[in-house]
Amino acid sequence: VRLKNYKLKLSPWMTKDIRNSIRFKDKLYKKLHSTLPESPLYNTLETNLRTYKSMLQKNIRAAKINYYVGQFEKHINNI
């Protein structure tokens, strides 16, 4: 059975925009590994991937924190 990679990442804090960003990051990764390391394009792709990956990670952390803060505020009176 083949599993869809992006259906596994369905967490409550994962928005459609975050999933689209993950797809874009994966495309950057594939493009980086399809180019030769001697190519001048390789260095730019590598820096683009690194910066995009760090921005995406920050967005995922912020979305997760916001989700759980909202859930705790929603159920603040429920023990």
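Further up the page is the structure itself.
Residues numbered from 1 in each chain as written. Predicted model: local features only at pLDDT ≥ 70, side-chain atom pairs only at ≥ 80, totals over all residues. Heavy atoms only, no water.

Chemist: Could you give me a rundown of the overall build of the chain, with the residues and numbers involved?
Modeler: Looking only at helices and strands, the chain features two helices and zero strands. For the chain, the residues scored as buried account for 19% of the 79 residues in total. By sequence separation, contacts in the chain at least 24 residues apart represent 49% of the contacts at least 6 residues apart. For the chain, the accessible surface area stands at approximately 6800 Å², while carbon and sulfur atoms represent 57% of it. (Helix = DSSP H or I, 4+ residues; strand = E, 2+ residues; numbered from the N terminus. Buried < 20%, exposed > 50% of the residue type's maximum accessible area, 1.4 Å probe, protein only. Contact = heavy atoms within 4.5 Å. Areas by Shrake-Rupley, 256 points an atom, 1.4 Å probe, with all protein chains shown as cover.)

Chemist: Break down the pattern of salt bridges for me, citing the residues and quoting the values.
Modeler: Here the structure, examined in full by the defined rule, presents one salt bridge. With a closest N to O distance of 3.8 Å, Asp-26 and Lys-25 form a salt bridge. For Asp-26, a relative accessible area of 19% puts it in the buried group. (Salt bridge = Lys/Arg side-chain N within 4 Å of Asp/Glu carboxyl O.)

Chemist: So what about the nonpolar core? Which residues, and what values?
Modeler: Within soluble globular proteins, side chains that are nonpolar generally end up buried alongside one another. Trp-13, Met-14, Ile-18, Ile-22, Leu-56, Ile-60 and Ala-63 form the largest nonpolar core, which has seven residues in total. Taken together, the elements giving at least two residues each to this core come down to helix 1 (16-34) and helix 2 (40-74). In terms of residue count, helix 2 provides more of this core than any other element does, three residues in total. Ignoring anything within four residues of it in the chain, the contact list for Ala-63 reads Trp-13 and Ile-18. Residues Leu-28, Leu-32, Leu-45 and Leu-49 belong to the second largest nonpolar core, which totals five residues. (Core = buried A, V, L, I, M, F, W, Y, C linked by side-chain atoms within 4.5 Å.)

Chemist: Now, about a positive patch on the surface: what can you tell me, with residues and values included?
Modeler: Taken together, the side chains of Lys-16, Arg-23, Lys-27 and Lys-30 define a basic patch exposed on the protein surface. Residue position: Arg-23 is located in helix 1. Exposure remark for Arg-23: the relative accessible area of 34% places this residue in the partly exposed category. (Patch = residues over 30% accessible without salt bridge, like charges linked within 9 Å, V, L, I, M, F, W, Y side chains within 5 Å. Lys, Arg positive; Asp, Glu negative; His and termini not counted. Charge placed at Lys NZ, Arg CZ, Asp CG, Glu CD.)

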